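Residues per chain, in single letters:
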Amino acid sequence: MNAHNELAIKDCLDSPEHQQAIYKKTLIIIMIAQVFGGAGLAAGITVGALLAQDMLGTDSFSGVPVALFTLGSAGAAMFVGRLSQRYGRRTGLSIGFLIGGIGAAGAVAAAVTHSVILLFISLLIYGAGTATNLQTRYAGTDLAKPAQRATAVSFAMVATTFGAVAGPNLVDVMGRFAVSIGIPPLGGPFILAFAAYTLAGIVIFIFMRPDPYVLAKALSKAEETARVKESVTSSSKNKRGVVLGGAVMILTQIVMVAIMTMTPVHMGHHGHGLTAIGLIIGIHIGAMYLPSLITGVLVDKIGRMPMVAAATLTLLAAGILAAAAPADSIVVLAIALALLGLGWNFGLISGTAILVDSTDTATRAKTQGSVDVFIALAGASGGVLSGIIVAFSSYPALSIGGGIISLILIPAMIWYLMGNRQTGKTKKQAN
């Protein structure tokens, strides 16, 4: 532990106000990094499927790029989570973003050399940026009070909006820039991703001092008696909470990735160009992140369960509307993709809050990283299956299927609530 962290720990133990000041400073740093991270994330998502389609000459494997960088993000999620557990958020997040930047640079090289193998390898590495962008939300909760946790997540996510919306809408600009320096136009967005992920890593490495997770662990250790007591009395609830929080994020990820992945290909088949595709994906990603401030407050104020229910209903509506949208209607498809992003937003923030509520500070980063592995694998599965489903069926079938899958969250919530009710009865009998 460095001297900067040791001094901050002493000050926080002496002054809760100082702890809140560091919490607010951490949120600002996270928000700056997420602006860059969002741009890196969105740029690659927008053209990844199109680049693979161009190289392979078929739609059947159009879901592979998203599958690859979400599969890569699974391994990176574990890696970043373990690094954060051992060395703190600053080390884990900065290294994760920088590795993602290397993957983006590799994708540019693949576009230049027209090498499918290099593209697939690069997308796996690029997934580190995706995983890190997602795990950055946890850093905001490290020093947050329980009633601030969802709101803290929302600050990190809403900052992503600025970069995430700009990324897809810079597709044409970056494409023209790429052509001007002798690179295929679909390599342009990955140039943006390289710069954005690298800057995000640099911001976190330089400015995230003291480290919020190192500080949170030390503060928790200083209150060990209360912490151990809480861990013993709520272990059953914690296990169910980890399962439910993970299930909410995993299922919403599957539905969102599957429908989002094939939307650019679906639009391309019906004559829509890169500008229209970039607009739709920009609206979708904006809906994923922009409502976060309101969502975070709602999750903290009205509760985790009502917002999980809202996520389920919103994703179902998105699937139905995407399936029913006329092929030439940009407006209807935009509304469907906006609802898809909003449902994901509800699910991610409420699921994250449930997970943080249900984990102990000493092992929280490792648990968060493990859950994010399954989120990434879920996204990879959704990406691969989406291309196969559309190739052998249709985009409407994929959209309806995604909406139906989201309904699994209803029995999951019932299981969680019944378990908590039973635990409450057991505690009363013990007393």
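For the structure itself, consult the block above.
Remember, it's a predicted structure, so these values are computed and weren't measured experimentally. (Residues numbered from 1 in each chain as written. Predicted model: local features only at pLDDT ≥ 70, side-chain atom pairs only at ≥ 80, totals over all residues. Heavy atoms only, no water.)

(A) The arrangement of the nonpolar core in detail. By size, the foremost hydrophobic cluster in this structure holds 87 residues, and its most contacted members are Tyr126, Phe190, Tyr289, Leu340 and Trp344. Here the element with the most residues in this core is helix α15 (residues 330-357); it accounts for twelve residues. Other than its neighbours up to four places away in sequence, Trp344 contacts Leu134, Met157, Thr252, Gln253, Met256, Met288, Tyr289 and Leu315. The next biggest cluster of nonpolar side chains, apart from the first, holds ten residues, and it includes Leu244, Leu251, Met305 and Met413. (Core = buried A, V, L, I, M, F, W, Y, C linked by side-chain atoms within 4.5 Å. Buried < 20%, exposed > 50% of the residue type's maximum accessible area, 1.4 Å probe, protein only. Helix = DSSP H or I, 4+ residues; strand = E, 2+ residues; numbered from the N terminus. Contact = heavy atoms within 4.5 Å.)

(B) Highlighting the pattern of salt bridges. In the structure shown here, the tally under the stated rule is five salt bridges. The partner of Asp142 in a salt bridge is Arg89, and the shortest N-O contact between them spans 2.8 Å. Of this pair, Asp142 sits in the loop between α5 (116-139) and α6 (149-169) while Arg89 sits in helix α4 (residues 89-113), placing them 53 residues apart in sequence. Accessibility classification places Asp142 together with Arg89 in one group, the buried group. The shortest N-O distance in the salt bridge between Asp357 and Arg149 comes to 3.0 Å. Of this pair, Asp357 sits in helix α15 while Arg149 sits in helix α6; the two residues are 208 residues apart in sequence, bridging distant segments of the chain. In this structure Asp357 comes out as partly exposed when scored by relative accessible area, which is 30%. When salt bridges that share partners are traced, they join Arg149, Asp300, Arg304 and Asp357 into one network. (Salt bridge = Lys/Arg side-chain N within 4 Å of Asp/Glu carboxyl O.)

(C) Broad picture of the packing of helix α13 (residues 292-302) against α15. For the pair α13 and α15, interaxial distance at closest approach is 10 Å and the crossing angle is 45°. Compared by their axis directions, α13 and α15 come out oblique. The two elements α13 and α15 meet at a crossing, and its hand is right-handed. Facing α13, whose interface residues are Ser292, Thr295, Gly296 and Val299, α15 presents Asn345, Phe346, Ile349, Ser350 and Ala353. (Axes fitted to C-alpha atoms, helices over the stretch in contact; angles between N-to-C directions. Parallel < 35°, antiparallel > 145°, perpendicular 65-115°, else oblique. Left-handed = near helix turned anticlockwise from the far one by under 90°.)

(D) Highlighting helix α12 (residues 274-289). Here α12 is 16 residues long and its end C-alpha atoms lie 22 Å apart, about the 22 Å a rise of 1.5 Å per residue gives. Along α12, the positions that sit buried rather than exposed are Ile277, Gly278, Ile280, Ile281, Gly282, His284, Ile285, Gly286, Ala287, Met288 and Tyr289. (Expected span 1.5 Å × (residues − 1).)

(E) Spatial organisation of a nonpolar patch on the surface. Taken together, the side chains of Leu71, Ile102, Ile117, Ile121, Leu124, Ile125, Phe374 and Leu377 make up a nonpolar region of the molecular surface, amounting to roughly 730 Å² of accessible area. Elements supplying a minimum of two residues to the nonpolar patch: α5 and α16 (364-392). Here the nonpolar patch gets four residues from one element, more than from any other, and that element is α5. Within the secondary structure layout, Ile102 lies in helix α4. (Patch = residues over 30% accessible without salt bridge, like charges linked within 9 Å, V, L, I, M, F, W, Y side chains within 5 Å. Areas by Shrake-Rupley, 256 points an atom, 1.4 Å probe, with all protein chains shown as cover.)

(F) Seen up close, the packing of aromatic side chains. One pass over the structure, following the stated rule, counts four aromatic pairs. Between Phe97 and Tyr197 the ring centres are 5.9 Å apart and the planes differ by 35°, which places this aromatic pair in the tilted class. In this pair, Phe97 sits in helix α4 while Tyr197 sits in helix α8 (residues 188-207), placing the two residues 100 residues apart along the sequence. Exposure remark for Phe97: the relative accessible area of 0% places this residue in the buried category. Assessed through its relative accessible area of 0%, Tyr197 is described here as buried. (Phe/Tyr/Trp six-rings, centres within 6.5 Å; stacked < 30°, edge-to-face > 60°.)

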